[in-house]
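Each chain, written out:
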Amino acid sequence: MKKNPDEIWGRCLEVIKDNVSQQSFKTWFEPIKPLKCVGSVLTIQVPSQFFYEWLEEHYIDLLKKIIRKEIGPEGCLEYSIVMENNHRNANNPYTVRVPTSNVQQVKNPAVSLPIDVANSPIKNPFIIPGLRKIKIESHLNANYSFDNFIEGDCNRLARSAGFAVAQKPGGTAFNPLLVYGGVGLGKTHLVHAIGLEIKRNNPEKTVLYVPAEKFTQQFIEAVKNNTMGDFQQFYQMMDVLIIDDVQFLSGKEKTQDVFFHIFNHLHQSGKQLVISSDKAPVEMSGMEQRLLSRFKWGLSADLQPPGLETRIAILQKKMYAEGIELPKEVVEYLAYSITTNIRELEGAMISLIAQSSLNKKAVTLELAKQMIDKFVKSTAREVSIDYIQKVVCDYFDLPIELLKSKTRKREVVQARQIAMYFAKKMTKSSLANIGAHCGGKDHATVLHACRTVNNLQETDKQFRGYLEDLEKKLSIH
Ligand code: ADP
Ligand code: MG
């Protein structure tokens with residue numbers, strides 16, 4: 001039986017749209033073309049092997065659910081991949097690829113199978129009698145391990161406290177361990193890593209990861225269904241309870257109340273609590289005092305935005321994990337441009353690869369600049385002083401430390417002046433701040449540098465050439 005693939009896929013897209021970020025939707029779902037729907041098999045065309053793999057790895061659960069809902073329990077997805085010629089450049093696996101009309105069919109056995117129950121969200125523990133006998137799923141993400149967590153100054157305390165807790169759950173002074181920090185700085189990753197490490201060392205321990213939001217929903221359900229006793233008993237069985245984004249409980253007094261009791265019970269029994277929050281305990285509002293004071297019993301450790309080297313290391317780790325290679329200058333550009341959110345940093349890299357795979361274009365610095373402009377509007381997109389310094393130093397082949405030092409060597413002085421000139425021209429930084437970045441100079445020195453550069457470019461043709469080259473390298477567009 002044939003069905004209209006456009007209609008079916010259209011309905012699927014509606015649901016997908018509500019379940020993924022706008023950026024992901026644009027990147028991964030808009031380029032898909034529905035080809036046909038025969039029986040219970042829907043065939044979609046994806047632009048490359050990379051797309052197919054990415055969808056499989058990251059959206060398989062969502063796709064399964066949706067396909068089954070639209071087509072029925074037998075629902076099955078078939079990918080048709082537009083074949084790429086293997087004109088690979090050793091340094092850049094996503095370099096020019098010529099699409100051919102050759103199409104490869106891949107049937108995904110996982111999707112072909114009826115969707116299994118194991119994929120339902122957190123198991124409802126309450127309807128199962130004999131709670132103690134059931135194996136409780138930890139809901140830990142194996143990718144968020146300590147191995148994959150890059151250590152830097154920004155996270156050293158939190159990471160090592162987490163690691164200590166993982167070696168001796170309930171047996172350190174860090175109970176509870178509270179990890180806090182801004183969006184996308186690795187809270188969720190770190191608390192998973194703790195849980196995974198505990199499970200690795202002690203498979204018999206009952207570890208549970210639960211977002212505070214899920215905890216709240218379960219609590220509301222339990223009240224509705226009159227199963228509060230079971231709810232509380234279930235949570236009190238844990239050896240290690242990990243609550244993510246605890247700030248979600250703020251203003252929810254009843255949920256805080258039950259959490260308070262669970263907390264006390266576990267703590268008294270020497271069980272480990274790991275909590276994450278987007279704020280330090282002192283800054284949490286809408287949280288009961290007695291709960292906040294409990295949080296302070298253990299250790300609060302913060303996650304700061306990563307420094308440049310850590311950002312580069314994170315990107316490299318991610319590339320390695322995904323089997324991707326990117327030119328060094330592109331990696332550096334990303335790391336210099338996105339400074340405050342690791343999730344955005346990774347997202348930008350992945351979008352970039354998707355873009356290049358979609359347009360069959362090599363990943364170049366040029367493409368990276370365009371892409372960042374298009375996708376990462378939300379981040380502060382001004383070039384940073386650090387990036388300007390790096391580009392200038394690369395251009396004149398000087399070590400960046402010299403530029404930041406106080407040395408008065410002629411070539412360094414000139415490069416430093418040029419960096420100051422571009423920093424003034426291209427960033428909103430104050431003269432004082434620019435000076436501080438360039439060897440601790442004061443604002444008058446920066447002003448003098450800008451005048452000198454302006455004068456020189458009017459009189460010295462070679463110098464003007466330098467400026468033009470550099471301007472090209474620095475411009476976003
Ligand atoms: P948060 O929970 O603080 O919002 P996440 O834990 O979800 O942040 O981290 C966002 C992304 O950044 C994840 O993909 C995570 O793997 C990655 N990430 C964060 N910190 C690190 C780190 N130190 N090393 C490697 N990846 C990291
Ligand atoms: Mg998180």
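Everything below is about the structure shown above.
Regarding the site of ligand 1
For step 1, the next point in the chain: Around ligand 1, the surrounding shell holds 17 residues, and the nearest of these are I150, G184, T188, H189 and E346.
For step 2, the next point in the chain: Within the side chain of E346, one N or O atom sits 2.7 Å away from an oxygen atom of ligand 1.
For step 3, the next point in the chain: For ligand 1, whose accessible area on its own is 560 Å², the fraction buried by protein is 92%.
For step 4, the next point in the chain: Listing elements by their share of the shell around ligand 1, those giving two or more residues are α6 (187-201) and α13 (342-359).
For step 5, the next point in the chain: Here the shell around ligand 1 is composed, by residue class, of 7 nonpolar, 7 polar and 3 charged.

Brief notes about the side chain of S24
For step 1, the next point in the chain: Assignment of secondary structure puts S24 in helix α2 (residues 22-29).
For step 2, the next point in the chain: For S24, a relative accessible area of 17% corresponds to the buried category.
For step 3, the next point in the chain: Within the local environment of S24, its side chain forms a polar contact with the side chain of S21, the two groups lying 2.9 Å apart.
For step 4, the next point in the chain: Leaving out residues up to four positions away in the same chain, S24 has contacts with F29 and Y59.

Description of unusual backbone geometry
For step 1, the next point in the chain: That bond from N175 to P176 is cis: its omega, 5°, falls within 30 degrees of zero.
For step 2, the next point in the chain: Residue position: P176 is located in the loop between α5 (156-167) and β6 (177-181).
For step 3, the next point in the chain: The phi angle at H139 is positive, at roughly 60°, despite the residue not being glycine.
For step 4, the next point in the chain: Counting through the fold element by element, H139 comes out in the loop between α4 (109-112) and α5.
For step 5, the next point in the chain: Of the residues examined, H139 reaches a relative accessible area of 23% and is grouped as partly exposed.
For step 6, the next point in the chain: Positive phi values are uncommon outside glycine, yet D397 reaches one of about 60°.
For step 7, the next point in the chain: Following the sequence through the fold, D397 ends up in the loop between α15 (385-396) and α16 (400-404).

Digging into the sheet that holds strand β7 (residues 207-211)
For step 1, the next point in the chain: Spatially, the 5 strands line up as an open sheet ordered β7-β8-β9-β6-β10, and their pairing is parallel. Two strands in the sheet have a free side with no partner beyond their single neighbour: β7 and β10 (299-303). Sheet twist, expressed as the average angle between the axes of neighbouring strands with direction ignored, equals 15°.
For step 2, the next point in the chain: Pairing geometry for β6 and strand β9 (residues 272-277), over 4 bridges, is parallel. Counterpart to L178 in the pairing with β9 is I275.

Quick notes on the state of the cysteines
For step 1, the next point in the chain: By the definition in use, this model includes 0 disulfides.
For step 2, the next point in the chain: Distance from the sulfur of C12, which forms no disulfide, to the nearest cysteine sulfur (C37) is 8.9 Å.
For step 3, the next point in the chain: Judged by its relative accessible area of 0%, C12 is buried.

Examining helix α9 (residues 253-268)
Each turn of an α-helix holds 3.6 residues, which means side chains three or four residues apart point in the same direction.
For step 1, the next point in the chain: Compared with the 22 Å implied by 1.5 Å per residue over 16 residues, the 22 Å span of α9 between its first and last C-alpha is a close match.
For step 2, the next point in the chain: Within α9, the full set of buried residues consists of T255, Q256, V258, F259, F260, I262, F263, N264 and L266.
For step 3, the next point in the chain: Buried residues in α9 make contact with α7 (212-224), α8 (228-236), β8 (240-244), β9 and α10 (289-295).
For step 4, the next point in the chain: In the stretch just after α9, G270 is the one whose phi turns positive, near 75°.

A word on helix α1 (residues 5-19)
For step 1, the next point in the chain: The end-to-end C-alpha distance of α1 is 21 Å, a good match for the 21 Å that 15 residues give at a rise of 1.5 Å each.
For step 2, the next point in the chain: On its buried side, α1 packs onto β1 (2-3), α2, β2 (33-38), β3 (41-46) and α3 (49-71).
For step 3, the next point in the chain: Structurally, the start of α1 carries an N-cap: the backbone nitrogen of D6 is 2.8 Å from a side-chain oxygen of N4.

Examining the pairing of β2
For step 1, the next point in the chain: Two elements, β1 and β2, share 2 bridges in a ladder whose sense is antiparallel. Each bridged residue has a counterpart across the sheet, and for K2 the counterpart in β2 is V38.
For step 2, the next point in the chain: Inspection of the sheet shows β2 paired to β3 by 5 bridges, in the antiparallel sense. Residue pairing in the sheet places K36 in a bridge with T43 of β3.
For step 3, the next point in the chain: Connecting the antiparallel pair β2 and β3 is a turn made up of 2 residues, with G39 showing a positive phi of about 60°.

With respect to the packing of α15 against helix α17 (residues 410-426)
Helix packing for two helices is described by the angle between their axes and how far apart those axes are.
For step 1, the next point in the chain: One way to put it is that α15 packs onto α17 with a least axis distance of 9 Å and a crossing angle of 145°. For the element pair α15 and α17, the recorded crossing hand is right-handed. Each of I385, I388, Q389, V392 and F396 in α15 lies in contact with α17, whose residues at this interface are A415, I418, A419, F422, A423 and M426.
For step 2, the next point in the chain: For the contact of α15 with α17, the per-class residue count stands at 10 nonpolar, 1 polar and no charged.

A short note on the packing of α17 against helix α19 (residues 443-459)
For step 1, the next point in the chain: In contact at an axis separation of 8 Å, α17 and α19 are set at 100° when each is read in the N-to-C sense. With respect to α19, the axis of α17 lies roughly perpendicular. Mapping the contact onto sequence places Q414, Q417, I418, M420, Y421 and K424 in α17 and T445, V446, H448, A449, C450, T452, V453, N454, L456 and Q457 in α19.
For step 2, the next point in the chain: Residues belonging to the contact of α17 with α19 are distributed by class as follows: 8 nonpolar, 7 polar and 1 charged.

Analysis parameters
Residues numbered from 1 in each chain as written. Chains lettered and ligands numbered in written order. Predicted model: local features only at pLDDT ≥ 70, side-chain atom pairs only at ≥ 80, totals over all residues. Heavy atoms only, no water. Near = heavy atom within 4 Å. Polar contact = N/O pair within 3.5 Å; in protein donor to acceptor, adjacent residues only side chain to side chain. Areas by Shrake-Rupley, 256 points an atom, 1.4 Å probe, with all protein chains shown as cover. Helix = DSSP H or I, 4+ residues; strand = E, 2+ residues; numbered from the N terminus. Nonpolar A, V, L, I, M, F, W, Y, C, P; charged D, E, K, R; others polar. Buried < 20%, exposed > 50% of the residue type's maximum accessible area, 1.4 Å probe, protein only. Contact = heavy atoms within 4.5 Å. Pairing = 2+ DSSP bridges. Axes fitted to C-alpha atoms, helices over the stretch in contact; angles between N-to-C directions. Disulfide = S-S within 2.5 Å. Expected span 1.5 Å × (residues − 1). Left-handed = near helix turned anticlockwise from the far one by under 90°. Parallel < 35°, antiparallel > 145°, perpendicular 65-115°, else oblique.

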